[in-house]
Amino acid sequence: MKNTSIRILLVLLMLPLCSCEKLWMGNEIENSATETFEYLWRQVDERYSLFDVKNVDWQAVHDNLAPRVYDGMSSDSLFAVLSEMLNTLDDGHVNLWSDNDVFGSEAIFLQRYGNGNFDLNTVSINYLTPHHHTTGGFAYNAIADGQVLYIRYSSFTNSASTSSLEYILKKYADVKGVVFDIRQNGGGVIQNEWNIMALLPCRGQMLYSTQLKAGPAHNDFGEPVAVFAPENKDHTVYTKPFVVLTDRGCYSAASSFALCVKTYDNVIVMGDTTAGGLAIPAGGALPNGWYYRFGVSRTLATDGVNYENGVPPDQVVTLLPEALATGHDNIIDSACTLILNQ
Amino acid sequence: MLKNKYTKLSTMRPLIYCIALLLGVLGTQAQTGSTPDDQDLNGFNPHRCELRFGGSLGYSVFRDEGTAPISYKGIGIQPNIGFNYCHAETWQVDAEIGTFLGIFENAVPPTLNFSAYDIYNQVRLKYLHRIHGNAWPDPWELQCWVGGGLHNFATVTINSHYENASAGVSEFICPALTARIETNSKIREKDYWTFYGEMSLFPVAAVFRPGYSYIDNYTASTNVATAQFSDYEMHFQPLAGATTDLGVVFHVGPQYALRLSYLWNVHSSGKSGAWKYVQATHLLAFDLTLRLTYNNKR
């Protein structure tokens with residue numbers, strides 16, 4: 001019995017070693033207002049990819065806001081300060097989520113709803129009309145006496161399969177061209193861009209190049225990756241005029257789509273500059289459990305320019321109140337004129 | 001550049017697996033190559049080869065500061081397979097591979113409860129030499145072993161909730177110093193018990209952090225995961241971790257054994273900020289041991 005006890009005791013002597021776990025695990029960053037503020041500021045400083053186009057003095061933002069942060073402040077107050085900090089970036093891909101609130105860029109909100117080039121009622125009543133069809137995420141109707149196909153694609157979160165669009169284009173094979181309206185499209189699934197572009201005539205052209213942030217300095221980027229137009233496989237390519245309508249409500253995938261289709265020979269982008277948002281957002285957690293996201297890449301167009309703040313159209317056309325007053329969307333009308341004159 | 005660095009990573013792990021396999025084959029060779037001359041006059045077979053199959057269930061906590069500065073706690077399972085060759089109860093080699101799969105949750109209250117996932121793989125190779133043991137004819141044994149080996153710990157932590165699933169990758173390649181105490185009861189009987197405790201310390205480890213967090217660069221039109229911070233950094237970290245194994249083995253006849261054990265391991269990459277990765281795991285393990293050959297006096 002004595003021997004057994006000694007033997008078990010010897011084995012159990014190893015148990016206290018497990019209590020040394022703290023030695024390896026160390027301490028977490030303190031869950032305090034000041035640590036949370038500093039952590040988020042530092043994350044943006046080291047990982048955000050768009051300081052060059054946002055023209056923000058990030059150190060000055062820190063120095064301006066840091067005195068307002070103190071340990072013990074309410075979570076609502078901390079959220080307000082962090083939101084104010086992030087709002088200086090004017091970036092729709094910058095968000096902060098707390099237990100009770102979500103921050104989004106005020107500038108992007110105002111661009112979308114204050115400077116929109118789109119009137120949903122006019123488009124719905126006079127262009128789509130009650131007789132329109134819907135296939136997947138596309139609502140469409142023949143306009144201009146049946147000579148132009150109008151397709152409304154309101155969000156890249158809506159389904160946009162190549163086969164759906166191909167069905168629509170074949171159904172209206174006799175029209176002289178397509179008006180593809182993505183105004184007020186806030187983005188979504190980027191794969192839908194490729195599904196749509198799969199029906200446009202690829203000539204192997206480069207669409208853009210993309211780079212990920214690759215280090216803590218503001219200009220530390222990885223190797224650029226060139227992205228090329230998707231090849232047309234097993235689909236009928238649409239070679240007639242294809243006019244894409246954009247406005248300041250186009251963001252993220254919608255901006256990216258506008259940037260890409262400009263490289264196609266039969267595509268004209270018409271309307272207003274998009275709101276931008278070409279960077280990939282990536283997120284993370286804060287020491288207090290909230291989480292955030294911001295852009296960590298940059299997209300350079302074929303001309304080498306970063307159109308993060310907005311992709312300009314090929315033809316600028318502004319929605320006129322006098323046209324709206326008569327039930328007309330003069331941007332759609334201009335697109336129809338362009339198609340019919342070709 | 002990054003790709004080449006990955007190539008380095010991918011070539012090191014197979015090398016370790018190959019060494020494990022080689023040790024296993026050597027052990028088997030030692031057995032299959034035995035002749036009657038290897039048996040002593042009493043019929044004692046000095047070769048004992050074992051295969052272990054088992055599974056563990058347990059609790060783990062990790063903090064990968066490359067993806068999030070907060071800890072995640074969770075549960076997981078870990079299947080294991082191991083091989084042991086023991087020569088005349090004087091020295092032994094052991095190889096073991098285990099893969100842990102765990103589901104975790106943000107541990108900061110009040111919580112936005114988000115899940116995280118962790119997969120790690122451990123490969124352990126060790127040689128142990130017996131430094132103390134009372135003789136076989138005794139009705140019970142107390143054996144002390146010391147030795148060491150090589151330990152490989154490779155893990156991927158995934159915070160899928162954060163937009164663009166962030167994954168942190170860490171790998172530890174370390175020499176291990178191991179001490180083991182075991183006591184066997186009534187070894188001359190058909191069925192007997194073994195109580196044991198074993199601990200390994202990693203005096204220094206080569207820790208690899210091939211990027212802090214991974215971004216699926218979907219704007220590149222393909223699902224290419226690219227390291228956001230593309231530094232394939234290696235860092236020598238003193239006292240990078242430890243493992244402990246405490247258990248009891250019930251020997252069912254000479255050919256089989258059942259093992260119930262408590263496993264603990266902890267790893268820390270050292271350094272600070274986004275580079276830092278720490279994980280501790282507590283597991284309750286159950287193994288079935290199949291003896292390919294055995295000491296026929298036991």
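Computed from a predicted structure; not experimentally measured.

1. Here we look at the overall build of chain A
When its secondary structure is counted, chain A shows 14 helices and 14 strands. Counting across all 342 residues of chain A, residues that qualify as buried make up 56%. Nonlocal contacts in chain A, meaning residues at least 24 apart in sequence, comprise 72% of its contacts between residues at least 6 apart.

2. Let's talk about unusual backbone geometry
Of note, Glu89(B) is a non-glycine position whose phi angle comes to about 55°, a positive value. Position of Glu89(B) among the secondary structure elements: in the loop between β2 (72–87) and β3 (91–106).

3. Here's the deal with the pattern of salt bridges
Residue and element names in this part refer to chain B. What the rule picks out here adds up to 23 salt bridges over all chains. A salt bridge links lysine 126 to aspartate 94; the shortest N-O distance between them is 3.8 Å. One end of the pair, lysine 126, is in strand β4 (residues 115–133); the other, aspartate 94, is in strand β3, with 32 residues separating them in the sequence. Across this residue pair, the class does not change: lysine 126 and aspartate 94 are buried. One salt bridge in this structure joins aspartate 287 and arginine 259, with 2.9 Å as the shortest N-O distance. Of this pair, aspartate 287 sits in strand β12 (residues 277–293) while arginine 259 sits in strand β11 (residues 256–268), placing them 28 residues apart in sequence. Accessibility expressed as a relative area gives 1% for aspartate 287, which makes it buried. A network of salt bridges, in which partner residues are shared, links Arg52, Asp94, Glu96, Arg124, Lys126, Arg180, Glu182, Glu198, Asp245, Arg259 and Asp287.

4. What about the environment of Thr178(B)?
All names here are of chain B. Among the structural elements, threonine 178 can be located in strand β6 (residues 166–184). Overall, the relative accessible area of 4% leaves threonine 178 in the buried class. The contact partners of threonine 178, leaving out residues within four places of it in the chain, are Lys126, Leu128, Trp145, Val146, Gly147, Gly148, Glu198, Met199 and Ser200. At 2.8 Å, the side chain of threonine 178 forms a polar contact with the side chain of serine 200.

5. Notes on the packing of aromatic side chains
Scanning all chains against the criterion turns up 28 aromatic pairs over all chains. Ring centres of Tyr85(B) and Trp91(B) lie 5.5 Å apart, and the angle between their planes is 65°; on these two criteria the pair is classed as edge-to-face. Exposure remark for Tyr85(B): the relative accessible area of 2% places this residue in the buried category. Every member of this aromatic cluster is reached through a ring pair, and the members are Phe138(A), Tyr153(A), Phe156(A), Phe180(A), Tyr238(A), Phe242(A) and Phe257(A). Just above the ring of Phe221(A) sits the side chain of Arg298(A); from NZ or CZ to the centre is 3.8 Å. Against the face of Trp275(B) rests Lys271(B), its NZ or CZ located 4.7 Å from the ring centre.

Criteria and cut-off values
Residues numbered from 1 in each chain as written. Chains lettered and ligands numbered in written order. Predicted model: local features only at pLDDT ≥ 70, side-chain atom pairs only at ≥ 80, totals over all residues. Heavy atoms only, no water. Helix = DSSP H or I, 4+ residues; strand = E, 2+ residues; numbered from the N terminus. Buried < 20%, exposed > 50% of the residue type's maximum accessible area, 1.4 Å probe, protein only. Contact = heavy atoms within 4.5 Å. Salt bridge = Lys/Arg side-chain N within 4 Å of Asp/Glu carboxyl O. Polar contact = N/O pair within 3.5 Å; in protein donor to acceptor, adjacent residues only side chain to side chain. Phe/Tyr/Trp six-rings, centres within 6.5 Å; stacked < 30°, edge-to-face > 60°. Lys NZ or Arg CZ within 6 Å of the ring centre and 35° of its normal.

Without other data, these values stay purely geometric and don't point to any function.
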